[in-house]
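Structure at a glance
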Amino acid sequence: MTTDTEFSLDPQDWEAFRENAHQLLDTCINQLAGAADHAWQPVPESQKAAYALTETGMGIEKLVSRLQTEVLPYGTGNTHPRFFGWVHGTGLASGLLSELVAATMNSNCGGRDHGAVYLERAVIDWSKSVFGFPADASGLLVAGTSQATVIACAAARVRALGASVRSEGQQGARLVAYAGSAIHSAAGKALELLGIGLSNLRKIPENAQGLDPDALAAAIEADRSSGATPFMVFATAGSVDLGRFDDLTALANIASANNLWLHVDGAFGAWTRLADEPWKSLSDGIELADSLACDFHKWMYVPYDCGMVLVKNAEEHRAAFAGRPSYLEGKVEGIAGGDPWFCDYGIDLSRGNRALKVWAALVAYGPEKLGRAISDNCRMAAYMGDRVIAMDKMALAAPVVSNLCVFTADETLSADRQSALNNTIAQRLQLSGQAVFSTALVAGVTCLRAAITNHRTNLAQVDMAMDAVLHEREKHG
Ligand SMILES: *Cc1c(COP(=O)(O)O)cnc(C)c1O
């Protein structure tokens, strides 16, 4: 133990700290305000080497300067208005403020009785009303849809086999789950982790809309007759490949007729609930789900990371996770009071304050403005689709239904040459900082893919990106 009264990890000079912090805050605000000037750029080799922690203990002033020059310039690029790759949220200015406050409070949201817990309940309650879930449904903020899916699958497994599955394991039961062929890999990963096994995820063929309900019913029947235990259906509200939405009502009918758990992966697409028509109707029937996974960090533009799981039957959710040792027992009063504790609904005991950044976005902008940004993103994807159709030799891989536009730069080439060209265009545009498209394999062709979950994109930005695609095609086609 140190007896040195001077020793502390806190700043010795708070005024100096204040000056450094204010300066850093200004740099951050400047960067956000000038987001269009900050495209992705590769991290230079010298910088990668400089990240190694060979020199440490340099003090706050040096830290601030290194944050400004060595860290801030090398983001993922998703704050830029022409970033359309994968499905990346953009981050809101409100997030800068809420993260500052969250770091100051340093709340642990596993449970107990304090402000952040009430913020999380408020965010979950608001979400339940958006998705038509009953007031007594349960929910939890998590790292993202991947973790939300694990939690939903664990609850579904408890419904199928009883809570004894937690102590006894599956005892030879062969659980089978169903999903359309466009299901995100998070579903399979969840089944792997829970010991159900990836080969017990049946990929059901899709029709023009999504998972084919007739094929689903037939597959359930066939598995039953072979002695397996069908237990859950994954529906997709917004597929990563083409932005399509399964017919949630039709799938809910089949799930309930067969006593199966219906989980909806609505990672980004669930938020069409806040959009104008025709996009809002895409997620009709979402209220019929037993569980829903979605992300705030994608199409609600909230900074990473924040996803959510909602479970309609709170008892089933709790039965899959509750169980606290005596040192964590709840008390009637004091910090150890408060009920429910979030640690009884998921994997983590210690949890950060994810709710604040969502709460802040809702307080600052509200669901109407956020919904408008979501609708606008769909309009921009449709506009991009129109430009593809209007351009010589370009072709859509599929009709634009929501915020995804997937296309090939030259449909007159062979599949292999189209794939090579589209890959080259995507890479050139990324490296030059002009625009970020990712790629998707559709019917044997690697296509350019734009998933617009970007509140900084406008029609002029879409035009610039499409002009850049055309320019690269002329160079490399
Ligand atoms: C992003 C995504 C996931 C995975 O969510 P994370 O938040 O990245 O864990 C699952 N499903 C779909 C449809 C997605 O877009």
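Helix and strand counts for the protein stand at 15 helices and 11 strands. Taken against the 2.2 N^0.38 rule, which gives 23 Å for 477 residues, the C-alpha radius of gyration of the protein at 24 Å falls within 12% of a compact globule. For the protein, the spread of C-alpha atoms along the principal axes amounts to about 75 × 65 × 40 Å. Burial status across the protein gives 50% buried among its 477 residues. In the protein, the share of contacts with a sequence separation of at least 24, taken over all contacts with a separation of at least 6, comes to 73%. Here the protein has roughly 21600 Å² of accessible surface; of this, 54% comes from carbon and sulfur atoms. Of the charged side chains in the protein, 38 are positive and 53 negative; the average position of the first set lies 3 Å away from that of the second.

Grouped together as the largest cluster of nonpolar side chains are 95 residues, with contacts concentrated most on F131, L216, F234, W271, F296 and M300. Grouped together as the second largest cluster of nonpolar side chains are 25 residues, M391, L421, L429 and A465 included.

Attention now goes to the packing of aromatic side chains. Using the criterion set out here, one finds 8 aromatic pairs in the structure. Here F131 and W271 contribute two aromatic rings whose centre-to-centre distance is 5.0 Å and whose plane-to-plane angle is 55°, an arrangement assigned as tilted. Of this pair, F131 sits in helix α5 (residues 115-131) while W271 sits in the loop between β5 (261-265) and β6 (291-295), and the two are 140 residues apart along the sequence. Of the residues examined, W271 reaches a relative accessible area of 0% and is grouped as buried. Measuring from centroid to centroid gives 6.1 Å for F268 and W299, while their planes differ by 65°, and the two rings are edge-to-face.

Attention now goes to empty space enclosed by the protein. All told, the structure shown has 3 cavities of 30 Å³ or more when counted by the stated rule. As a volume, the largest cavity reaches approximately 60 Å³. A182, I183, E206, Q209, G210, T236, S239, D241, R244 and D246 are the residues that line the largest cavity. Looking at side-chain class alone, the lining of the largest cavity contains 2 nonpolar, 4 polar and 4 charged residues.

Residues in close proximity to the ligand include G144, T145, S146, H184, G238, V240, D265, A267, F268, D295, H297 and K298, which together make up its full environment. Note that an oxygen atom of the ligand is positioned 3.0 Å from one of the backbone N or O atoms of T145. Here an oxygen atom of the ligand and a side-chain polar atom of H297 are 3.0 Å apart. Taken by itself the ligand offers 380 Å² of open surface, and the protein chains cover 85% of this. Its residues placed into classes, the shell around the ligand shows 3 nonpolar, 6 polar and 3 charged.

Empty space within the largest pocket amounts to approximately 1300 Å³. Contributing to the lining of the largest pocket are 38 residues, with C28, L72, G95, L96 and E99 lying nearest its centre. Of all the secondary structure elements, the ones that give two or more residues to the lining of the largest pocket are α1 (14-33), α3 (60-71) and α4 (93-105). Class assignment for the residues of the lining of the largest pocket results in 22 nonpolar, 15 polar and 1 charged. Ranked by the residues each element gives to the lining of the second largest pocket, the list is headed by α1, at 5 residues. Residue composition of the lining of the second largest pocket, grouped by class: 5 nonpolar, 4 polar and 4 charged.

The strand order across the open sheet built from 4 strands is β8-β9-β11-β10, with neighbouring strands paired in antiparallel fashion. Of all the strands in the sheet, just β8 (395-396) and β10 (438-442) have a single pairing partner and so form its edges. Bridge count for β8 against strand β9 (residues 404-408) is 2 bridges, and the pairing is antiparallel. Residue pairing across strands places A395 opposite T408, the latter belonging to β9. Along the sheet, helix α14 (residues 415-432) contacts β9, β10 and β11 (445-451); its crossing angle with β11, the most-contacted strand, is approximately 35°.

For the rest of this paragraph, the subject is a nonpolar patch on the surface. A cluster of nonpolar side chains, contributed by L25, I29, L100, V101 and M105, occupies part of the molecular surface with about 410 Å² of accessible area. Sorting the residues of the nonpolar patch by element identifies α1 and α4 as the ones contributing at least two each. At 3 residues, α4 tops the list of elements feeding residues into the nonpolar patch. By the secondary structure assignment, M105 is in helix α4.

Quick look at the sheet that holds β6 now. Read across the open sheet, the 7 strands follow the order β1-β7-β6-β5-β4-β2-β3; overall the sheet is mixed. Every interior strand has two partners, whereas the edge strands, β1 (138-142) and β3 (201-204), have only one. Across the sheet, the axes of successive neighbouring strands diverge by a mean angle of 20°, strand direction being ignored. Relative to the sheet, helix α10 (residues 248-257) contacts β4 (229-236) and β5, its axis offset from that of β5 by approximately 155°.

A full pass over the atoms with the stated rule returns 20 salt bridges. For R354, the salt bridge identified is with D305, shortest N-O distance 3.1 Å. Here the residue R354 occupies a position in the loop between α11 (314-321) and α12 (355-364), and D305 occupies one in the loop between β6 and β7 (307-311), the gap between them amounting to 49 residues. The class of R354 is buried, set by a relative accessible area of 16%. Classification of D305 as partly exposed rests on a relative accessible area of 31%. Salt bridges linked by common partners bring D276, R372, D376 and R379 together as one network.

Turning our attention to the packing of α12 against helix α13 (residues 366-390). Pairs of packed helices are described in terms of their axes, by the angle between the two and the distance that separates them. The contact between α12 and α13 brings their axes to 6 Å, and the two run at 95°. When the interaxial angle is binned, α12 and α13 end up roughly perpendicular. Residues A361, L362 and A364 of α12 lie in contact with α13, whose contacting residues are G366, P367 and L370. Taken together, the residues of the contact of α12 with α13 break down into 5 nonpolar, 1 polar and no charged.

Criteria and cut-off values
Residues numbered from 1 in each chain as written. Predicted model: local features only at pLDDT ≥ 70, side-chain atom pairs only at ≥ 80, totals over all residues. Heavy atoms only, no water. Helix = DSSP H or I, 4+ residues; strand = E, 2+ residues; numbered from the N terminus. Rg over C-alpha atoms; globule rule 2.2 N^0.38 Å. Buried < 20%, exposed > 50% of the residue type's maximum accessible area, 1.4 Å probe, protein only. Contact = heavy atoms within 4.5 Å. Areas by Shrake-Rupley, 256 points an atom, 1.4 Å probe, with all protein chains shown as cover. Lys, Arg positive; Asp, Glu negative; His and termini not counted. Charge placed at Lys NZ, Arg CZ, Asp CG, Glu CD. Core = buried A, V, L, I, M, F, W, Y, C linked by side-chain atoms within 4.5 Å. Phe/Tyr/Trp six-rings, centres within 6.5 Å; stacked < 30°, edge-to-face > 60°. 1 Å grid on protein atoms, 1.4 Å probe; cavity = no way out; pocket = protein on both sides within 12 Å on 5 of 7 lines; lining within 4 Å. Points joined across faces, edges and corners; volume = space filled by probe spheres on them. Nonpolar A, V, L, I, M, F, W, Y, C, P; charged D, E, K, R; others polar. Near = heavy atom within 4 Å. Polar contact = N/O pair within 3.5 Å; in protein donor to acceptor, adjacent residues only side chain to side chain. Pairing = 2+ DSSP bridges. Axes fitted to C-alpha atoms, helices over the stretch in contact; angles between N-to-C directions. Patch = residues over 30% accessible without salt bridge, like charges linked within 9 Å, V, L, I, M, F, W, Y side chains within 5 Å. Salt bridge = Lys/Arg side-chain N within 4 Å of Asp/Glu carboxyl O. Parallel < 35°, antiparallel > 145°, perpendicular 65-115°, else oblique.

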